[in-house]
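These are the residues of each chain, in order.
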Amino acid sequence: MSQGIRPMVRCAVLATCLLAVILVPATAAAVGPAGTWQGKMLTPDGGEFDITLVLDGSGSRWSGNLTEPDSGAMPLQNLRVTATRVTFTFRPASGGVPAHFTGGYIAGDDRITGTFSVRGGSRFVKFDRVADGEGEAMSLAQPLPTRVRHPYKFALTGRAAFWPAVHTVKDEAYKINDHTKSAWNFDAALRYFVLDGFCVLVRGYRGGLGFDEDVVKDHTLTGLSGDSYFRLDGWEFGLTGYLGNIMMSESKFNPYVSGGGGQVDWALTESGRGSESVVLERTALEGTDWAAYFAIGTEYEISSSLALEFEWAWRTFMTSDEMAWPDTDTTFSDTSAWSLGMGLTWGFY
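Residues numbered from 1 in each chain as written. Predicted model: local features only at pLDDT ≥ 70, side-chain atom pairs only at ≥ 80, totals over all residues. Heavy atoms only, no water.

Attention shifts here to the sheet that holds strand 2 (residues 48-58). Hydrogen bonds between backbone atoms are what pair the strands of a sheet, whose relative direction is either parallel or antiparallel. Read across the sheet, nine strands follow the order 4-3-2-1-9-8-7-6-5 without closing on themselves; strand pairing throughout is antiparallel. Looking at strand neighbours, the two that pair on one side only are strand 4 (72-75) and strand 5 (77-81), the edges of this open sheet. Across the sheet, the mean angle from the axis of one strand to that of its neighbour is 20°, orientation sign disregarded. Note that strand 7 (residues 99-106) and strand 8 (residues 111-118) share seven bridges and pair antiparallel. Within the sheet, the bridge partner assigned to His-100 lies in strand 8 and is Ser-117. (Pairing = 2+ DSSP bridges. Helix = DSSP H or I, 4+ residues; strand = E, 2+ residues; numbered from the N terminus. Axes fitted to C-alpha atoms, helices over the stretch in contact; angles between N-to-C directions.)

This brings us to a negative patch on the surface. Where like charges cluster on the molecular surface, the negative patch consists of Glu-213, Asp-214, Asp-218 and Asp-227. Counting through the fold element by element, Asp-218 comes out in helix 2 (residues 214-218). (Patch = residues over 30% accessible without salt bridge, like charges linked within 9 Å, V, L, I, M, F, W, Y side chains within 5 Å. Areas by Shrake-Rupley, 256 points an atom, 1.4 Å probe, with all protein chains shown as cover. Salt bridge = Lys/Arg side-chain N within 4 Å of Asp/Glu carboxyl O. Lys, Arg positive; Asp, Glu negative; His and termini not counted. Charge placed at Lys NZ, Arg CZ, Asp CG, Glu CD.)

Our next topic: the pattern of salt bridges. Two side chains with opposite charge may pair up if their charged atoms get near one another. Using the criterion set out here, one finds 14 salt bridges in the structure. A salt bridge links Arg-111 to Asp-128, with the shortest nitrogen-to-oxygen separation between them at 3.2 Å. Of this pair, Arg-111 sits in strand 8 while Asp-128 sits in strand 9 (residues 121-129); the two residues are 17 residues apart in sequence, bridging distant segments of the chain. For Arg-111, a relative accessible area of 25% translates into the label partly exposed. Two residues, Glu-236 and Arg-315, come together in a salt bridge whose shortest N-O distance is 2.9 Å. Placement of the pair is Glu-236 in strand 15 (residues 229-242) and Arg-315 in strand 20 (residues 306-317), with a sequence separation of 79 residues. By the burial criterion, Glu-236 is buried, and Arg-315 matches it. A network of salt bridges, in which partner residues are shared, links Arg-159, Asp-187, Arg-191, Arg-203, Glu-236, Glu-309, Glu-311 and Arg-315. (Buried < 20%, exposed > 50% of the residue type's maximum accessible area, 1.4 Å probe, protein only.)

Further remarks concern the packing of aromatic side chains. In the structure shown here, the tally under the stated rule is 25 aromatic pairs. When the ring of Phe-230 is compared with that of Phe-332, the centres are 6.0 Å apart and the planes differ by 40°; the resulting orientation is tilted. Residue Phe-230 is located in strand 15, and its partner Phe-332 is located in the loop between strand 20 and strand 21 (335-348); the two are separated by 102 residues in the primary sequence. For Phe-332, a relative accessible area of 0% puts it in the buried group. One cation-aromatic arrangement involves Arg-203 over Tyr-293; the distance from NZ or CZ to the ring centre is 5.5 Å. The ring of Tyr-205 has Arg-315 lying over it, and the distance from NZ or CZ to the ring centre is 5.3 Å. (Phe/Tyr/Trp six-rings, centres within 6.5 Å; stacked < 30°, edge-to-face > 60°. Lys NZ or Arg CZ within 6 Å of the ring centre and 35° of its normal.)

Let's shift gears to the pairing of strand 20. When strand 19 (residues 286-301) meets strand 20, the two strands line up antiparallel, connected through 11 bridges. Pairing of Glu-301 across the sheet is with Ala-307, part of strand 20. The antiparallel hairpin formed by strand 19 and strand 20 contains four residues in its connecting segment. The pairing of strand 20 with strand 21 spans 12 bridges and is classified as antiparallel. Across the sheet, residue Leu-308 finds its bridge partner in strand 21, namely Leu-344.

Before going further, it helps to examine the environment of Arg-149. Tracing the backbone through its elements, the reader meets Arg-149 in the loop between strand 9 and strand 10 (154-163). With a relative accessible area of 12%, Arg-149 lands in the buried category. Sequence spacing of Arg-149 and Ser-303 is 154 residues, and the spatial spacing of their C-alpha atoms is 9.9 Å. With residues up to four places along the chain from it excluded, the contact list for Arg-149 reads Asp-196, Gly-244, Asn-245, Met-248, Ser-249, Ser-251, Lys-252, Phe-253 and Asn-254. Engagement of the side chain of Arg-149 in a polar contact is seen with the backbone oxygen of Met-248, the distance being 3.0 Å. (Contact = heavy atoms within 4.5 Å. Polar contact = N/O pair within 3.5 Å; in protein donor to acceptor, adjacent residues only side chain to side chain.)

In the predicted model, the protein chain carries a mean pLDDT of 83, and 84% of its residues have values of at least 70. At the low end of the mean pLDDT range in the protein chain sits helix 1 (residues 7-23), at 49; at the high end sits strand 10, at 97. Ignoring residues within four places in sequence, the model shows residues 20-29, a span with pLDDT below 50, making 13 contacts including any to other chains. Across residues 133-144, confidence stays below pLDDT 50; counting only partners more than four residues off in sequence or on other chains, it has 13 contacts. (pLDDT = per-residue confidence, 0-100.)

What follows is the structure, given as structure tokens:
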């Protein structure tokens with residue numbers, strides 16, 4: 001019922017766009033597992049020898065070889081490489097039993113670690129990158145590659161959120177909105193990671209706020225009581241920039257800032273969700289209007305595809321209408337709420 005997006009929404013959208021411009025350049029891609037790697041293998045008598053691993057490719061097209069003193073260069077078979085995983089099989093030149101390697105690429109350390117398995121036995125090996133054409137460890141002066149925190153393009157997030165009500169009282173004049181009280185709500189989002197540290201999202205939420213008993217004392221509208229409910233259901237489009245690789249690259253925590261906007265379908269009902277709407281000045285207190293949010297939060301990595309999420313957000317809903325309810329200072333105005341959310345993110349594809 002609002003007549004267009006108010007300046008508050010414009011500010012939120014502008015801040016979100018600036019966030020995207022600032023953060024996108026800061027999310028450079030990691031070096032990745034391609035290159036030449038050197039490790040040491042232990043012999044049964046306690047000795048050791050050097051082995052060299054070469055990985056070449058990108059995306060789904062990879063090739064490589066493994067070199068050891070006795071067998072020379074051996075081509076890799078069944079080679080599978082992702083941003084975090086490396087697996088392959090090789091057979092010694094003498095035609096012996098094939099060996100299998102299962103391991104992973106650690107972006108933060110720029111290292112490949114894993115286990116060779118053959119005939120039921122296994123040996124752990126750690127590969128360090130070597131400089132091109134030199135066969136020696138990379139200089140410590142060279143910066144480490146950026147850690148990959150989201151080795152997927154899409155993710156689903158489900159959360160429970162506690163919404164503390166926000167009131168703005170002027171000259172002791174309590175509007176209807178100033179009698180809302182906190183409530184638990186739910187939301188779910190689909191994210192698309194444009195870069196490892198930047199994603200766009202579409203979120204739907206099932207929200208609302210309760211009312212306290214003082215609403216009856218200050219407002220004598222028919223149907224308005226302490227049992228009334230302010231339903232706030234909607235969707236929003238947002239942008240999120242992750243700061244973990246800038247602030248704490250070695251931590252499992254990955255702080256972020258997020259902002260965006262969308263639409264809310266709202267109604268102030270007489271006795272709970274789904275009941276009749278309260279009428280103010282011959283117009284039902286209900287409508288579909290713009291909404292905006294700004295949030296700070298953090299992920300906490302559980303595994304390469306699962307993360308806990310904690311978020312503190314501010315939300316505003318453009319529920320006032322100066323044509324229907326002119327006196328926004330004493331009757332009905334825009335509605336705001338904090339949102340303290342906790343949920344789980346699952347990355348896929």
